[in-house]
Amino acid sequence: AQKITQTQPGMFVQEKEAVTLDCTYDTSDQSYGLFWYKQPSSGEMIFLIYQGSYDEQNATEGRYSLNFQKARKSANLVISASQLGDSAMYFCAMRENPNAGGTSYGKLTFGQGTILTVHP
Amino acid sequence: DAGVTQSPTHLIKTRGQQVTLRCSPKSGHDTVSWYQQALGQGPQFIFQYYEEEERQRGNFPDRFSGHQFPNYSSELNVNALLLGDSALYLCASSGDRPELFFGEGSRLTVL
């Protein structure tokens, strides 16, 4: 069974500084995908970044980067130059068979989330 | 390009009643998934629809059922509501790429 662990219930960061949100995962699958989502108080889950298990390079999307360490089964999210609007709940998630297409895509399994607060 | 849209945004029901939630996927997406998110928790997978059939199901009772229409939109039905069904219900759509795109959710309160 897949499992995602986020050990930081809450994190605080000063505006313009970088912050790392931790995520470890457990799976017996060889092919899987790792995702980070942001959930503001409005409730919408906003997709931030994706890393495939066979990708050799760490994924980057603007101020977001994913520090993927396969041997340690970790997929930490790094947010550079934090902004006040980054304050939200952040979820790490995993999906099996992400490259198989169509119905072969598995469900997303989420962690418990980390609340990030950015101070001015 | 419209994203995933859900309706209604908020609703209140009483125990034993039935509820129907609706979802229109992002343009170009053909797969719809539903998730339940209790307060302070991560979302839990309910089921996934593709080609108008339920393709995968999470650990939810038969009171939870769904439907996908030819235009790829979807409904989630919950019968015999319990207090514990109070949650944010999120619809997500996907296509050829791995990532799912979510709507803003329907917040259900059961009294």
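Residues numbered from 1 in each chain as written. Chains lettered and ligands numbered in written order. Predicted model: local features only at pLDDT ≥ 70, side-chain atom pairs only at ≥ 80, totals over all residues. Heavy atoms only, no water.

1. Thoughts on the interface of chain A and chain B
Then step 1. In this assembly, 22 residues from chain A lie in contact with 24 residues from chain B.
Then step 2. Summed over both partners, the interface of chain A with chain B comes to about 2000 Å²; 54% of that surface belongs to carbon and sulfur atoms.
Then step 3. The interface formed by chain A and chain B contains zero salt bridges.
Then step 4. For the side of chain A that touches chain B, the elements supplying multiple residues, two or more each, are strand 5 (32-39), strand 6 (46-52), strand 10 (88-96) and strand 11 (108-110) of chain A.
Then step 5. Per-class residue counts for the side of chain A that touches chain B are ten nonpolar, eight polar and four charged. (Contact = heavy atoms within 4.5 Å. Buried area = accessible area lost by both parts, 1.4 Å probe. Salt bridge = Lys/Arg side-chain N within 4 Å of Asp/Glu carboxyl O. Helix = DSSP H or I, 4+ residues; strand = E, 2+ residues; numbered from the N terminus. Nonpolar A, V, L, I, M, F, W, Y, C, P; charged D, E, K, R; others polar.)

2. A word on the packing of aromatic side chains
Then step 1. Going through the model one piece at a time under the given rule, you end up with 15 aromatic pairs over all chains.
Then step 2. Taken together, a centroid distance of 5.3 Å and an interplanar angle of 85 degrees make the contact between F47 of chain B and Y49 of chain B edge-to-face.
Then step 3. Here the aromatic residues F35, Y37, F47, Y50, F91 and F110 of chain A together with Y35, F45, F101 and F102 of chain B are joined through ring pairs into a cluster of three or more.
Then step 4. For R63 of chain A, the ring lying beneath its charged end belongs to Y64 of chain A, and the centroid distance is 5.7 Å.
Then step 5. A cation over a ring is seen here: K26 of chain B above F101 of chain B, with NZ or CZ 5.3 Å from the ring centre. (Phe/Tyr/Trp six-rings, centres within 6.5 Å; stacked < 30°, edge-to-face > 60°. Lys NZ or Arg CZ within 6 Å of the ring centre and 35° of its normal.)

3. Some details on the pattern of salt bridges
All names here are of chain B.
Then step 1. Scanning the entire structure with this criterion turns up seven salt bridges over all chains.
Then step 2. Residue D85 is joined to R63 by a salt bridge in which the shortest nitrogen-to-oxygen separation is 2.9 Å. One end of the pair, D85, is in the loop between strand 8 (74-78) and strand 9 (87-94); the other, R63, is in the loop between strand 6 (53-57) and strand 7 (64-68), and 22 residues separate them in sequence.

4. So, the nonpolar core
Then step 1. With 24 residues, the main nonpolar core has W36, I49, L77 and Y90 of chain A as its most contacted residues.
Then step 2. Contributions of two or more residues to this core are made by strand 3 (19-21), strand 5, strand 6, strand 8 (64-69), strand 9 (74-79), strand 10 and strand 12 (114-119) of chain A.
Then step 3. When residues of this core are assigned to their parent elements, the largest contribution, four residues, is made by strand 10 of chain A.
Then step 4. Apart from the residues lying within four places of it in its own chain, the contact partners of I49 of chain A are L34, F35, W36, A59, T60, E61, Y64, S65, L66 and L77 of chain A.
Then step 5. Residues L11, W34, L76 and A87 of chain B belong to the second largest nonpolar core, which totals 20 residues. (Core = buried A, V, L, I, M, F, W, Y, C linked by side-chain atoms within 4.5 Å. Buried < 20%, exposed > 50% of the residue type's maximum accessible area, 1.4 Å probe, protein only.)

5. Concerning the sheet that holds strand 8 of chain B
All names here are of chain B.
Then step 1. Read from one edge of the open sheet, four strands run 1-3-8-7, paired in antiparallel fashion. Two strands close off the open sheet at either side, each with one partner strand: strand 1 (5-7) and strand 7. Each strand of the sheet is rotated relative to its neighbour by a mean of 20 degrees, with strand direction disregarded. (Pairing = 2+ DSSP bridges. Axes fitted to C-alpha atoms, helices over the stretch in contact; angles between N-to-C directions.)

6. Focus on the side chain of T20 of chain B
Residues and elements named next belong to chain B.
Then step 1. Looking at the element boundaries, T20 is found in strand 3 (residues 19-24).
Then step 2. Within the structure, T20 has its side chain in polar contact with the side chain of Q18 (distance 2.9 Å).
Then step 3. In terms of polar contacts, T20 uses its side chain to reach the side chain of N77, at 2.6 Å.
Then step 4. With sequence-adjacent residues up to four places away left out, T20 is seen in contact with P8, E75, L76 and N77. (Polar contact = N/O pair within 3.5 Å; in protein donor to acceptor, adjacent residues only side chain to side chain.)

7. What about the state of the cysteines?
Then step 1. Here the structure, examined in full by the defined rule, presents two disulfides over all chains.
Then step 2. Here C23 of chain A pairs with C92 of chain A through a disulfide, and the sulfurs are 2.0 Å apart. Across the S-S bond linking C23 of chain A and C92 of chain A, the dihedral sits near -60 degrees, which makes this disulfide left-handed. Remark: C92 of chain A occurs in strand 10 and C23 of chain A occurs in the loop between strand 3 and strand 4 (24-26); sequence separation between them is 69 residues. Here the two residues C23 of chain A and C92 of chain A agree in accessibility, since each one is buried.
Then step 3. Shown here is the disulfide that connects C23 of chain B with C91 of chain B, its sulfur atoms set 1.8 Å apart. Around the S-S axis, the bridge from C23 of chain B to C91 of chain B shows a dihedral of about -65 degrees and counts as left-handed. You can see C23 of chain B sitting in strand 3 and its partner C91 of chain B sitting in strand 9, a full 68 residues away along the chain.
Then step 4. C23 of chain B sits in the buried class, given a relative accessible area of 2%. (Disulfide = S-S within 2.5 Å.)

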